[in-house]
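Examination of the molecular architecture
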Amino acid sequence: MPDKVMPGPVDENCGPREAVCIHTKKIFDSCRDKDCVEDLRFYPTLSSVETINRALNVKGGTAELCHVYVDVEPVSFNRGFYTVDMRFFYRVTLQAYLSCPRPVEVEGLCVFDKRVILFGSEGSAKIFSSEVRVCDMDRQMKEKSNMPVAVVEAVDPIVLDAKLTECCDRRCCDCDLCEIPCCVTSCFGADLCSGDDCKRVYVTLGQFSIVRLERDTQLLVPVYDYCMPNKECASGNSGDDPCDLFRNIAFPTGEFFPPNTIRNPENYEDTKAYCCCK
């Protein structure tokens, strides 16, 4: 057995030195999804309303995922399963075409609701901790319920389409936006318009996401040794020669030449979780 086992692939001859019990989050269920969300209502900023009302057409631009609100609730008469309700908030920038050929950028908000059902196991224990709460007078953390934690991973969506319609052509399920988190409104440089206007824009987005349910648990894992870093910390003193630091940086060849091949994503196994959209 070698004296030191480093993190990474382990040689078959390297056996564990001990078995330890650790406290960590275990993933009980997860799912991945590729949503094509059609005709999302576009809530423009106040500075973009006049441009949209005078626009002849709009085309797709870019979209940024600002925030995801997540709520977990148990499924009735199906023990161990939970619904994960998500609300995605997007900052969308579109190109509005007026009488002149050059487009004008308009900015606004789109909201997408999604629900999935995942297995999160059961836990009835009440959890207490001696960890001190921040900004309190040496007060311990309060009791919390033993519910699984939902984690949502998502990338910025792709703008697939944008439509400009008259206000009289509003959808039957089209309602005004009434509640926006502060962290979302801070992403915009102006207030959002959520009331009636002359023209409305509907956006189609492509969203990739991964949802999982985690729960605190204790696991028995093999341990090879303490993980001691084997790399010295780089000095950030201003006295270092900047040319010496520059010589240690590898030449960024990939920035100058395009790749010869594009690696396809790996094929994932079909998940057992049941995903459904509202």
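Below: a short report on this structure. If you're wondering where the values come from, they're calculated on a predicted model, not measured in any experiment.

1. Remarks on unusual backbone geometry
The phi torsion of most residues other than glycine is negative, and most of the peptide bonds are trans. Even without being glycine, D39 reaches a positive phi, approximately 55°. For D39, the position within the fold is in strand β1 (residues 18-44). If you check the backbone angles, S121 has positive phi at about 60° while not being a glycine. Its relative accessible area of 18% is what places S121 among the buried residues.

2. Considering helix α1 (residues 46-54)
Turning to α1, its buried residues are S48, V49, T51 and I52. Of the surrounding elements, those touching the buried residues of α1 are β1, β3 (81-97), β4 (104-119), β6 (158-166) and β7 (199-223).

3. Here we look at the nonpolar core
Formed by 32 residues in total, the largest nonpolar core has its most connected members in F42, Y90, L94 and V203. Elements represented by at least two residues in this core include exactly β1, β2 (57-74), β3, β4, β6 and β7. The leading source of residues in this core is β3, at eight residues. Listed in part, the six residues of the second largest apolar core include Y43, V111, V184 and F188.

4. Some points on the environment of L46
Inspection of the secondary structure assignment puts L46 in helix α1. Along the backbone, L46 and D191 are 145 residues apart, and their C-alpha atoms lie at a distance of 5.9 Å. Among residues more than four places away in sequence, those in contact with L46 are D191, L192 and C193.

5. Considerations on the packing of aromatic side chains
Inspection of the entire model under this criterion finds three aromatic pairs. For the ring pair F81 and F119, a centre distance of 5.4 Å and an interplane angle of 65° mean the geometry is edge-to-face. Of this pair, F81 sits in strand β3 while F119 sits in strand β4, placing them 38 residues apart in sequence. Taking relative accessible area as the criterion, F81 reaches 29% and is therefore assigned partly exposed. An angle of 10° between the planes, with centres 6.2 Å apart, marks the rings of F88 and Y90 as stacked.

6. Details of the pairing of β7
Strand direction decides the pairing type here: β1 and β7, joined by 22 bridges, are antiparallel. In the sheet register, F42 faces β7, and the bridge partner there is V201. Across six bridges, the pairing between strand β5 (residues 149-154) and β7 is antiparallel. Looking at the pairing, V149 lines up with E214 of β7. Relative to β7, β6 is paired through eight bridges, and the arrangement is antiparallel. Its bridge partner lying in β7, K163 is registered against Y202.

7. Notes on the pattern of salt bridges
Summed over the entire model, instances satisfying the criterion amount to 11 salt bridges. One salt bridge connects R212 with E214, and the closest N-O pair in it is separated by 2.6 Å. E214 shares its class with R212; the two are buried. Among the charged side chains, a salt-bridge network with shared partners connects D33, D35 and K114.

8. Here we look at the side chain of K114
Along the chain, the position of K114 falls in strand β4. We classify K114 as buried; its relative accessible area is 1%. A polar contact is formed between the side chain of K114 and the side chain of D33, at a distance of 2.6 Å.

9. Some thoughts on the environment of G120
Secondary-structure assignment places G120 in the loop between β4 and β5. When its relative accessible area of 1% is taken as the criterion, G120 is described as buried. Here the alpha-carbon distance between G120 and T83, two residues 37 residues apart in the chain, equals 9.7 Å. Beyond its immediate stretch of four places on either side in the chain, G120 contacts F28, G80, Y82, P148, L213 and R215.

10. Looking at the pairing of β3
Across the 17 residues that make up β3, a large majority, 12, are buried. One ladder, built from 15 bridges, connects β2 with β3; its direction is antiparallel. Bridging across to β3, Y69 finds its partner in R87. Two successive antiparallel strands, β2 and β3, enclose a turn made up of six residues, where F77 displays a positive phi of approximately 60°.

Criteria and cut-off values
- Here, residues in each chain are numbered from 1, in the same order as that chain's written sequence.
- Given that this is a predicted model, residues contribute local features only at a pLDDT of at least 70 and side-chain atom pairs are listed and counted only at 80 or more, while totals for whole chains, interfaces and linings are drawn from all residues.
- Note: side-chain values were computed over all heavy atoms of the structure, leaving out hydrogens and water.
- Secondary structure is summarised from DSSP: a helix means a run of H or I of at least four residues, a strand means a run of E of at least two, and numbering begins at the N terminus for each.
- Burial classes: relative accessible area under 20% of the type maximum marks a residue as buried, over 50% as exposed, and values in between as partly exposed (1.4 Å probe, protein chains only).
- Whether two residues are in contact is decided by their heavy atoms: any pair within 4.5 Å suffices.
- Put simply, a nonpolar core is a bunch of buried Ala, Val, Leu, Ile, Met, Phe, Trp, Tyr and Cys residues held in one set by side-chain atoms that sit within 4.5 Å of each other.
- Ring pairs shown here join Phe, Tyr and Trp side chains whose ring centres sit within 6.5 Å, with only the six-membered ring taken for Trp; geometry is labelled stacked below 30 degrees between planes, edge-to-face above 60, and tilted in between.
- At least two DSSP bridges between two strands are required for those strands to pair.
- Salt bridges are identified by distance alone: a Lys or Arg side-chain nitrogen within 4 Å of an Asp or Glu carboxyl oxygen.
- Within 3.5 Å is the distance limit for a polar contact, defined as a pair of N or O atoms, with the added protein rule that one can donate a hydrogen and the other accept it, and that residues adjacent in sequence qualify only through two side-chain atoms.

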